[in-house]
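# A look at the structure
As a plain string of letters, each chain reads:
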Amino acid sequence: MAMNEGMYHMKEIQMDGMVNNKNIRIVFLLFAMMIFFVVSIFYWDESKVFDVNISDYSSSDHIAYFIDSYTMEDRISTIAGWAVWLGEDLNLVNTEVALKSNSTGAFISIPTQMQQRADVTTAMNDGFQYDNSGFIAYVKTNKLNITDSYEIYILIKNEHGNFYVATGQVLEAENEA
């Protein structure tokens, strides 16, 4: 009997050791995942900038647009407005903002997020639906040369091709529009 009791306690100790090792592994894994999550929050970069070849686009008079605001601040630069292809319902949205460096002439493209703009449909009053025409583009200012200025372009890709319009507005460190 004493032998069986001793073996029982030995198995119990082994099981406790396995449980403790398993718990330690789980805690370590959860801790590692938490560290990864915290680091990704601080270093994740959603502001993507791409080089763009403007010769892949054509100038177009079919684009109506307005830039509502543009700012270059310490951390984030923002460009917001609306753009439409005149005379067609705007169902599929593929609008980007391009910035032309005034010092180098190089273009970069910034993806946009679509904004609902029922006011554009109302103001245009031409029977077409432009509610999806609003856009906002964010870019971390450290991706730009803070001493440079940038002419703002709007890029539109649709079934007719790739088009741009030069807005004539300039994004630079000291302006806010």
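For the structure itself, consult the block above.
Small disclaimer: the values here were computed from a predicted structure and weren't measured. (Residues numbered from 1 in each chain as written. Predicted model: local features only at pLDDT ≥ 70, side-chain atom pairs only at ≥ 80, totals over all residues. Heavy atoms only, no water.)

## Some words on the sheet that holds strand β2 (residues 58-59)
Strands in a sheet are paired, the pairing made by backbone hydrogen bonds, and the direction either parallel or antiparallel. The strand order across the open sheet formed by 6 strands is β1-β6-β5-β9-β10-β2, and the pairing between neighbours is mixed. Whereas interior strands pair on both sides, the edge strands pair on one side only; in this sheet they are β1 (50-51) and β2. Here β1 pairs with strand β6 (residues 107-111) via 2 bridges, running antiparallel. The residue of β6 that forms the bridge with Phe50 is Ser109. (Pairing = 2+ DSSP bridges. Helix = DSSP H or I, 4+ residues; strand = E, 2+ residues; numbered from the N terminus.)

## Quick word on the pattern of salt bridges
Two side chains that carry opposite charge are able to pair once their charged atoms sit near each other. Taken as a whole and judged by the stated rule, the model has 2 salt bridges. Residues Asp68 and Arg117 are paired through a salt bridge, measuring 2.6 Å at the closest nitrogen-oxygen approach. With a gap of 49 residues between them, Asp68 in strand β3 (residues 63-72) and Arg117 in the loop between β7 (113-115) and α2 (118-124) connect regions that are remote in the sequence. Given a relative accessible area of 16%, Arg117 falls into the buried group. The shortest N-O distance in the salt bridge between Asp119 and Arg117 comes to 2.9 Å. Among the residues examined, Asp119 registers a relative accessible area of 41% and is labelled partly exposed. By sharing partners, the salt bridges in this structure join Asp68, Arg117 and Asp119 into a single network. (Salt bridge = Lys/Arg side-chain N within 4 Å of Asp/Glu carboxyl O. Buried < 20%, exposed > 50% of the residue type's maximum accessible area, 1.4 Å probe, protein only.)

## Here we look at the nonpolar core
One finds Ile79, Leu99, Leu144, Ile152 and Leu171 to be the most contacted residues of the largest nonpolar core, which totals 22 residues. Listing elements by their share of this core, those giving two or more residues are β3, β4 (76-85), β5 (95-101), β6, β8 (134-140), β9 (150-158) and β10 (161-171). Contact partners of Leu99, with chain neighbours within four places excluded, come to Ile79, Ala106, Phe107, Ile108, Ile110, Leu144, Tyr150, Glu151, Ile152 and Leu171. Judged by nonpolar contacts, the second largest core, of 7 residues, contains Val52, Ile54, Tyr153 and Leu155. (Core = buried A, V, L, I, M, F, W, Y, C linked by side-chain atoms within 4.5 Å. Contact = heavy atoms within 4.5 Å.)

## Points about the pairing of β3
The sheet contact formed by β3 and β4 spans 9 bridges and is antiparallel. Across the sheet, residue Ile67 finds its bridge partner in β4, namely Gly81. With antiparallel pairing between neighbouring strands as the criterion, β3 and β4 make up a hairpin whose turn holds 3 residues.

## A short note on the packing of aromatic side chains
In the structure shown here, the tally under the stated rule is 3 aromatic pairs. Note on Trp85 and Phe163: the rings are 4.7 Å apart at their centroids and 45° apart in plane angle, and the pair reads as tilted. Of this pair, Trp85 sits in strand β4 while Phe163 sits in strand β10, and the two are 78 residues apart along the sequence. With relative accessibility at 8%, the residue Trp85 sits in the buried group. Judged by its relative accessible area of 12%, Phe163 is buried. Ring geometry for Tyr153 versus Tyr164: centroids 5.7 Å apart, planes at 45°, classification tilted. Of this pair, Tyr153 sits in strand β9 while Tyr164 is found in strand β10, placing the two residues 11 residues apart along the sequence. The class for Tyr153 is buried, based on a relative accessible area of 8%. Each residue in the set Phe107, Tyr153 and Tyr164 is aromatic and connected to the rest through ring pairs, giving one cluster. (Phe/Tyr/Trp six-rings, centres within 6.5 Å; stacked < 30°, edge-to-face > 60°.)

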